[in-house]
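# Secondary and tertiary structure notes
As a plain string of letters, each chain reads:
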Amino acid sequence: MKRRAIISVSDKTGVIDFAQGLVGLGFELISTGGTYKALDEANIPVKYVSEVTGFPEVLDGRVKTLHPLIHGGILARDCVEHREQMERNGICFIDLVVVNLYPFRETISKPGVSFDEAIENIDVGGPTMVRAAAKNHGRVTVLVNPKSYGEVLNVLRETGAVSAGMRKRLAAEAFAHTAEYDRLIAGYLERQLEPSGGFPQTLRLTAQKVQELRYGENPQQKAAFYINSEAGTGTLAGGKQLQGKELSYNNWADMDAAWKIAREFDACAAAIVKHSNPCGVALGRTPLEAYQSALASDPVSAFGGIIAFNRVVDGSCAEAIKECFYEVIVAPDFSPEAQEVLSIKTNLRLFAVGRRENANANSRWMLKSINGGYLVQEVDQGTTSIKEWEVVTEQKPTEEDLRALDFAWRVVKHVKSNAIVVTDYCQTLGVGAGQMNRVGSAKIALEQAGEKAKGAYLASDAFFPFPDSVEVAAQAGIRAIVQPGGSIHDPEVIEAANRLNMIMVFTHRRHFQH
C-alpha cells in the first residue's frame, strides 16, 4: 500500500531535503499554498491538495484542507470497518502529517501590526490536521518541528516504520505546539479586551526547557532552566554564555539580581551580588572605575560573587577582575581583549546579555509559587523621580544631596527587606538586608560603613515605624535619609530628624522586596 504524507508548513526550514527523502522512500506527497510552490519549484513530485479533495481553495485560502478526504485519511484507524467506509467514500490513508502553523507570534511582535492582520494569521486548518494526526498517533506520525525531520528519515530508512513510542512522543510535542499556539491567541485577544494590563481569568504559562541543572539550591533538589519564549532578545534568559562552567540554579538567581541592579542606572554601573543581595554597587566613568568602587564597598563579601555591568567589559576592567575570584560576570558584551584576558580563568562564566534590549523583553508580571498555587503581581518597574520627592525636614538638601540620595534609593530597591543602604555619592558603603526589624538592618549597614558613615546618605526601602533607626543613623553621622514615608508615626520620625539636624525626604513609593 502506498504511503502518503501531507506537508503544509509556515517554517520551511529543511522541508525540501525532508520531502526529497520521503519521495526516495516511496511516499506520495500532498501539499498546499506556499509549501506546494516550494516543493514544485524544487522538482519534487507533489499533489496539490485540490487534486485530492476535488474542491478548490476558497475564501482567500481560509478553507483548503478542511475536507473529509483529508481528515478521513488522517483520522481513519487501520481496521476492517474503517477500511470499508474509506473504500465507499474514496478516502486514502494519510500516514505522515508535517505541519507547523501560521506565524502568529511573529506577526503580533511586529511594531504597528493591525488587529485584522493578527486575525488573518490565526491558523485553523493547520491545528486541525495536527490535532487529528496526534489523536491518531497509533497509526499516524505527526511532525511540527523541523528538528525532528532527520531523526524520522533515519528511522524510516533503517526500519521502514516509525515506532509506536516515537509516534507517541511526537504526538505529545504536537499537542504542546497547538496548546502554545492557542495560548498566544487567547492572550492576544485578552490584551485587546484589557489593554490596561488586567489579570486574566486563566493564567496561561509556557516556557521551553533550555537545560537541566546539576541541582537546585541544594544538592538534594533537582532543577532545570526554562526560557519564556515570548521574551525574545535582550533578556538575561536569552543571553549567551561565552566561557566557563555550566551555570547553576543559584548562579541564575544571583545573575538576575545583579543584572536588575546594573540596569537600574543610566550611568556606567557595576553591581556585585552574593545570595541575591548586593554587597557592592557603584557608578563610574568607565567599567573599571565602577568595578573598583563596587569592590571597595565590601571586598570580603565580594569573594565568590557575581558581577553585573551595564556597559561592555573592556580589557582594562578584565585585568582587574582576573585578580579576584568570582563565579559569573554578566554584561551586555565583552570586548575581544576582555575575553582574551579572562580566558585564563577557565571556570569563570562570562555571560553576554546583548547590547540592545527588545521592546517586548520584560514581562509585566512576576510569579511566585506557593503550596498549591501562584501569586502574581506586576513587576516593580522604575521608581519615583527626584521631582516627585517631598522634603519633610527643616534642613533642605542641595542638588548634590539629592543626586546621592537618588543613588542610594535606586540601590535599596534591590535589597531584600527589611533593607537599609548607606552610600556616598556613587558607591555603597554598607548594606543591611533581610532583617526582621528595620533598626537591625540599619545597625548592620552603619557598622559596615564605619567611619565612612559620617556625612553619608541612608536609604530605607519602607517607612520607619519608629524614630529609633533615625537616632541610630544620627549617632553614626548620617547626613540625609530617603524613605517612602507613610507610617502613622511619621510626625515623630520627622521630629527626630529635625532634632538631630538631619535631612529627610519622602518618595511616597515603597520598594519592599520580600
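Report on the accompanying structure. (Residues numbered from 1 in each chain as written. Predicted model: local features only at pLDDT ≥ 70, side-chain atom pairs only at ≥ 80, totals over all residues. Heavy atoms only, no water.)

Take the overall build of the chain next. Secondary structure summary: the chain contains 19 helices and 21 strands in total. If one aligns the C-alpha atoms of the chain with their principal axes, the spans along those axes are about 100 × 50 × 40 Å. When each of the 514 residues of the chain is scored for burial, the buried share is 46%. Put simply, of all contacts in the chain between residues at least 6 apart along the chain, 55% involve residues at least 24 apart. Summing over all exposed atoms, the chain offers an accessible surface of approximately 25600 Å²; the carbon and sulfur share of this is 51%. For the chain, the distance from the average site of its 55 positive side-chain charges to the average site of its 61 negative ones is 5 Å. (Helix = DSSP H or I, 4+ residues; strand = E, 2+ residues; numbered from the N terminus. Buried < 20%, exposed > 50% of the residue type's maximum accessible area, 1.4 Å probe, protein only. Contact = heavy atoms within 4.5 Å. Areas by Shrake-Rupley, 256 points an atom, 1.4 Å probe, with all protein chains shown as cover. Lys, Arg positive; Asp, Glu negative; His and termini not counted. Charge placed at Lys NZ, Arg CZ, Asp CG, Glu CD.)

Once that is clear, we can look at the sheet that holds strand S18 (residues 428-432). Pairing is mixed across the open sheet formed by six strands, whose spatial order is S16-S21-S20-S19-S17-S18. The open sheet has two edge strands with one neighbour each: strand S16 (390-391) and S18. Examined bridge by bridge, S16 and strand S21 (residues 503-506) share two bridges and lie antiparallel to one another. Paired with valine 391 across the strands is valine 505, a residue of S21. (Pairing = 2+ DSSP bridges.)

Enumeration according to the criterion identifies 19 salt bridges in this entry. A salt bridge links aspartate 256 to lysine 260, with the shortest nitrogen-to-oxygen separation between them at 3.0 Å. Of this pair, aspartate 256 and lysine 260 both sit in helix H11 (residues 249-263), separated by four residues, roughly a single helical turn. Here aspartate 256 falls in the partly exposed class, since its relative accessible area comes to 30%. Its relative accessible area of 35% is what places lysine 260 among the partly exposed residues. A salt bridge links arginine 410 to aspartate 406; the nearest nitrogen and oxygen atoms lie 3.1 Å apart. Placement of both arginine 410 and aspartate 406 in helix H16 (residues 399-412) is noted, with a separation of four residues, approximately one turn of the helix. Linked through salt bridges whose partners overlap, the residues forming this network are Glu264, Asp406, Arg410 and Lys413. (Salt bridge = Lys/Arg side-chain N within 4 Å of Asp/Glu carboxyl O.)

Positionally, isoleucine 329 belongs in strand S12 (residues 326-331). Among the residues examined, isoleucine 329 registers a relative accessible area of 0% and is labelled buried. Sequence separation of isoleucine 329 and phenylalanine 351 is 22 residues, and the distance between their C-alpha atoms is 6.1 Å. Among all residues touching isoleucine 329, those that are not within four sequence positions of it are Ile307, Phe309, Ile321, Phe334, Leu348, Arg349, Leu350 and Phe351.

The grouping of Phe199, Leu203, Leu205, Leu367, Tyr374 and Val376 at the surface amounts to a nonpolar patch, some 550 Å² of accessible area in total. Looking at the element boundaries, leucine 203 is found in the loop between helix H10 (164-193) and strand S6 (208-213). A residue is classified by how much of its surface remains accessible, and leucine 203, at 32% relative accessible area, is partly exposed. (Patch = residues over 30% accessible without salt bridge, like charges linked within 9 Å, V, L, I, M, F, W, Y side chains within 5 Å.)

This next bit is on the sheet that holds strand S4 (residues 96-100). Judged by pairing direction, the sheet is parallel, and its five strands sit side by side in the order S3-S2-S1-S4-S5 without closing on themselves. Whereas interior strands pair on both sides, the edge strands pair on one side only; in this sheet they are strand S3 (47-48) and strand S5 (141-143). Sheet analysis places S4 next to S5, joined by three bridges and oriented parallel. Paired with valine 98 across the strands is leucine 143, a residue of S5.

Moving on, we get to the pairing of strand S17 (residues 420-423). Here S17 shows a buried face lined by Ile420 and Val422 and a second buried face lined by Val421 and Thr423. Judged from the four bridges that link them, S17 and S18 form a sheet pairing that is antiparallel. Residue threonine 423 lies in a different strand from S18, and its bridge partner there is threonine 428. Remark: four residues form the turn of the hairpin made by S17 and S18, two consecutive strands paired antiparallel. Direction of pairing for S17 relative to strand S19 (residues 457-460): antiparallel, over a ladder of four bridges. Across the sheet, valine 421 pairs through a bridge with alanine 459, a residue of S19.

By the secondary structure assignment, arginine 4 is in strand S1 (residues 4-9). A polar side-chain atom of arginine 4 sits 3.4 Å from the main-chain carbonyl oxygen of lysine 2. Of the polar contacts made by the side chain of arginine 4, one reaches the side chain of glutamate 28; its length is 3.1 Å. Setting aside residues up to four positions removed in sequence, arginine 4 forms contacts with Phe27, Glu28, Cys92, Phe93, Ile94, Asp95 and Leu96. (Polar contact = N/O pair within 3.5 Å; in protein donor to acceptor, adjacent residues only side chain to side chain.)

Turning our attention to the pairing of strand S2 (residues 28-31). Burial along S2 is two-sided: the residues Glu28 and Ile30 and Leu29 and Ser31 are all buried. Relative to S2, S1 runs parallel, the two sharing four bridges. By the bridge assignment, alanine 5 is partnered in S2 with leucine 29. In this fold, S1 hands off to helix H1 (residues 15-24), which returns the chain to S2; that crossover is right-handed. Two strands pair when backbone bridges link them, and S2 and S3 are joined in this way by two bridges, in the parallel orientation. Pairing of isoleucine 30 across the sheet is with lysine 47, part of S3. Between S2 and its parallel partner S3, the chain crosses via helix H2 (residues 33-41), and the hand of that crossover is right-handed. (Right-handed = clockwise from strand over helix to strand, strands pointing away.)

Turning our attention to helix H9 (residues 149-159). Burial in H9 covers these residues: Tyr149, Val152, Leu153, Val155 and Leu156. Mapping the buried residues of H9 onto a view down its axis gives an arc of 160°, with all of them on the same face. Exposed residues lying more than 90 degrees from the buried face of H9 are Arg157, Glu158 and Thr159. Phi for glycine 160, located one or two positions after H9, is positive at around 85°. (Arc of directions from axis to C-beta.)

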